[in-house]
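Observations on chain architecture
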Amino acid sequence: ARSRGTRAVSEPLLRAVGLGKRFGGVVALHEVSFELAAGEVHALCGENGAGKSTLIKILGGVHPQGSYEGEIRLDGRAVAFRSTRDAEAAGIGVIHQELALFPELSVAENLLLGDLPRRFGLVDWDAAQLRARALLEAAGVALDPAARVADLGVGQQQLVEIVRALARAPRILVLDEPTAALARHEIDALLALVRRLKARGVACIYISHKLDEVFALADRITVLR
């Protein structure tokens, strides 16, 4: 890994030290170190096959502790994620290229899945609509909570995925090629959202091949080769 820095980070929120990962005889990562500060947008770049997805799958708990070499530290303390649930509990949210939404359900249902408000043992749909609307407004996303996800454009679905991750109040948000399938106005909306998150102190790992976006957003850039 090689990094191009615009500012030093003295006490990183996240530090990965000497990460290595093999799939059989194939080396996917070798001695990769990576740092992320609170409120920083850190771009992760490199050609296909350089190991970007493997790195974020380690950080996000997809590849559990013990299946890779090296160490992950949060707030200076070593952490051992056994699953994606562990990573989410530690404040790491990952938005993968393949969206994990339920298209036949509403925006509100997707945002609150597993945590729908109940009253007298039944789902309180009015409360669900209000809570979902509050989550969307907090993220600056103008969508109808009652809209069916299948009726939304790809860019709008991407925003729903991000808002769902933000509902868990992550300290770190990882965005893997988030604009690959978006139109220009949808890209602008997503970049604006990333800037708002940065202003709120959320740290972002932004993976992209689009260097105009990288230079517009990133405080630092790490290139994997």
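Our subject is the structure listed above.
Described in the following lines is the structure provided in the data block. (Residues numbered from 1 in each chain as written. Predicted model: local features only at pLDDT ≥ 70, side-chain atom pairs only at ≥ 80, totals over all residues. Heavy atoms only, no water.)

On a plain count of helices and strands, the protein chain comes out with seven helices and 12 strands. Principal-axis analysis of the C-alpha atoms gives the protein chain an extent of 50 × 40 × 35 Å. Looking at the 225 residues of the protein chain, the share that counts as buried comes to 47%. Put simply, of all contacts in the protein chain between residues at least 6 apart along the chain, 67% involve residues at least 24 apart. (Helix = DSSP H or I, 4+ residues; strand = E, 2+ residues; numbered from the N terminus. Buried < 20%, exposed > 50% of the residue type's maximum accessible area, 1.4 Å probe, protein only. Contact = heavy atoms within 4.5 Å.)

What follows deals with the sheet that holds strand 3 (residues 26–36). Pairing is antiparallel across the open sheet formed by four strands, whose spatial order is 3-2-5-6. Each of the sheet's edge strands pairs with one partner strand only, and the pair in question is strand 3 and strand 6 (77–79). Across the sheet, the mean angle separating the axes of adjacent strands is 30° when strand polarity is ignored. Relative to strand 3, strand 2 (residues 14–23) runs antiparallel, the two being bridged by seven bridges. Paired with Ala 16 across the strands is Phe 34, a residue of strand 3. Contacts between helix 1 (residues 52–59) and the sheet are confined to strand 2, strand 3 and strand 5 (69–74), with strand 2 contributing the most and set at about 120° to the helix. (Pairing = 2+ DSSP bridges. Axes fitted to C-alpha atoms, helices over the stretch in contact; angles between N-to-C directions.)

Moving on, we get to helix 1. Burial runs high along helix 1: six of the eight residues are buried. For helix 1, every residue scored as buried is listed here: Lys 52, Thr 54, Leu 55, Ile 56, Ile 58 and Leu 59. Gly 61 sits one or two residues past helix 1 and shows a positive phi near 85°.

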